[in-house]
Amino acid sequence: MKWKHVSEVGSLWGMYFLIGISRILGRLGVRMLLYPITLYYMIGHHTARRASIAYLRRIGQPTTLISVFRHFLTFAQCTLDKIFFLRGDFQRFTIVRSGSENLQRLRQRNQGAILLSAHLGAPEALRSSGVRDGHRINIVTFSGNARRINHIMDKLNPNARSRMVELAEDTLGAVFQIQELVEHGELVAIMGDRTGFGAVVGARFLGTPIELPIGPYMLASIIGCPIYFTVGLYMSANRYQYYCETFAERIEIPRKNREASLAMWAQRYADRVEHYCRIAPYNWFNFYDLWSKP
């Protein structure tokens, strides 16, 4: 089963549901409702449950049903909090930021960049915080759902300065669009942990070989812009920890050692993701078999 059908579409319908019910019950009420919803999901989705167990085993966490439930529940809680972040409703959260001066420096220079992230924690939290600080953030989406995601974001916050860039099978138009956005001083957020479009390269994650896309690094080398690794970790009921660190000021891919260079950047990315997975192990939200080759 492809990841784009497992996660992206499911998250869309989940967001529609949570938006509606949160207007009635509020955040506290919906948080209570997440427990039976999570239990139902855990029982009914065998592929996601097996993926959770495979990940938890590799990260050194227990693989009991309680641990799997906690893993799914963390995902559900972060999905719920997306609604409040997109609304700009930050006052109910304690947000600790590390590296926010990197984005401030970009804004002062009117310099664009790529924000490299993963399906780890709540990247929307960091993006929404950046929008609140006046950054224009564009999010690359792979699954053909840009219109629906834009509709959700407009519904939650019509004044949000965050939009989707559709990356379809033919990526050339999207590359030119991203280049134009960066050249105009805007930020482009892209996930670095999803294959399925374009070439991949081997890396090691949690001690096991995986494949990662080369797209973000090729894109940065073409545009000549810096890349920042960003992540927003869910730490407790009302607390998030944001990180924004320099991944590369500039990426150059030599022709002679192209594959080795791309593998080096992919491995650096895998190392940073693993680092933050170990800080908050239940924040990893790739519920498909990442370790099996397509």
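Fair warning: this is a prediction, and the values are worked out from it, not measured in the lab.

About the criteria used
Residues numbered from 1 in each chain as written. Predicted model: local features only at pLDDT ≥ 70, side-chain atom pairs only at ≥ 80, totals over all residues. Heavy atoms only, no water. Core = buried A, V, L, I, M, F, W, Y, C linked by side-chain atoms within 4.5 Å. Buried < 20%, exposed > 50% of the residue type's maximum accessible area, 1.4 Å probe, protein only. Helix = DSSP H or I, 4+ residues; strand = E, 2+ residues; numbered from the N terminus. Contact = heavy atoms within 4.5 Å. Phe/Tyr/Trp six-rings, centres within 6.5 Å; stacked < 30°, edge-to-face > 60°. Expected span 1.5 Å × (residues − 1). Salt bridge = Lys/Arg side-chain N within 4 Å of Asp/Glu carboxyl O. Patch = residues over 30% accessible without salt bridge, like charges linked within 9 Å, V, L, I, M, F, W, Y side chains within 5 Å. Areas by Shrake-Rupley, 256 points an atom, 1.4 Å probe, with all protein chains shown as cover. pLDDT = per-residue confidence, 0-100.

**Things to note about the nonpolar core**
Part 1: Judged by nonpolar contacts, the single largest core of 75 residues is most densely connected at Leu120, Phe205, Tyr217, Phe247, Tyr269 and Val273.
Part 2: Residue contributions to this core peak at 10 residues, all from helix α3 (residues 65-87).
Part 3: Those residues in contact with Tyr269, other than ones at most four positions away along the chain, are Leu116, Ser117, Ala118, Gly192, Asp193, Leu212, Tyr217, Phe229 and Phe247.
Part 4: If you look at the next biggest cluster of nonpolar residues, it comprises 11 residues, including Leu103, Ala113, Ile139 and Leu187.

**Regarding the packing of aromatic side chains**
Part 1: Going through the model one piece at a time under the given rule, you end up with 17 aromatic pairs.
Part 2: Taking the centre distance of 5.8 Å and the plane angle of 10° together, the rings of Phe229 and Tyr276 count as stacked. Here Phe229, found in strand β8 (residues 227-236), pairs with Tyr276, found in helix α9 (residues 258-279); they are 47 residues apart in sequence, far enough to count as distant. In this structure, Phe229 and Tyr276 share a single accessibility class: buried.
Part 3: Through a chain of ring-to-ring contacts, the aromatic side chains of Tyr41, Phe72, Phe75, Phe285 and Phe287 assemble into a single cluster.

**A closer look at helix α2 (residues 46-59)**
Part 1: With 14 residues, α2 should cover 20 Å at 1.5 Å per step; its first-to-last C-alpha distance of 20 Å lies within 8% of that length.
Part 2: Three or more residues of α2 are buried, namely Ala48, Arg49, Ala51, Ser52, Ala54, Tyr55, Leu56 and Ile59.
Part 3: With its phi angle positive at about 85°, Gly60 sits one or two positions after the end of α2.

**A look at the pattern of salt bridges**
Part 1: Taken as a whole and judged by the stated rule, the model has 5 salt bridges.
Part 2: Arg272 is the salt-bridge partner of Glu245, the closest N and O atoms lying 2.6 Å from each other. Placement of the pair is Glu245 in strand β9 (residues 239-248) and Arg272 in helix α9, with a sequence separation of 27 residues.
Part 3: Overall, Arg272 belongs to the partly exposed group, its relative accessible area being 23%.
Part 4: Notably, a salt bridge pairs Glu274 with Arg278, separated by 3.1 Å at the nearest N-O pair. Of the two residues, Glu274 and Arg278 are both situated in helix α9; the distance of 4 residues between them amounts to about one turn of the helix.
Part 5: Taking the relative accessible area as the measure of exposure, Arg278 reaches 46% and is therefore partly exposed.

**Brief notes about the environment of Gln104**
Part 1: Here Gln104 is to be found in helix α4 (residues 100-109).
Part 2: Residue class for Gln104 comes out partly exposed when judged on its relative accessible area of 43%.
Part 3: As a C-alpha pair, Gln104 and His135 span 31 residues in sequence and 8.8 Å in three-dimensional space.

**Describing a nonpolar patch on the surface**
Part 1: On the surface, Leu28, Met32 and Tyr35 cluster together into a nonpolar patch covering about 340 Å² of accessible area.
Part 2: Within the secondary structure, Met32 sits in helix α1 (residues 3-44).

**Things to note about the environment of Phe93**
Part 1: As for its placement among the helices and strands, Phe93 is situated in the loop between α3 and β1 (94-98).
Part 2: Residues Phe93 and Asp81, spaced 12 residues apart in sequence, show a C-alpha to C-alpha distance of 9.5 Å.
Part 3: Contacts of Phe93, omitting those with residues within four sequence positions, involve Arg27, Asp81, Phe84, Phe85, Asn238 and Tyr240.

**A look at the confidence of the model for the protein**
Part 1: Per-residue confidence for the protein gives a mean pLDDT of 83; residues scoring 70 or more make up 81%.
Part 2: Model confidence for the protein, summarised as mean pLDDT per element, is weakest for helix α6 (residues 146-156) at 63 and strongest for α9 at 96.
Part 3: Note on residues 1-7: pLDDT under 50 across the span, and 14 contacts to partners over four residues away in sequence or across chains.

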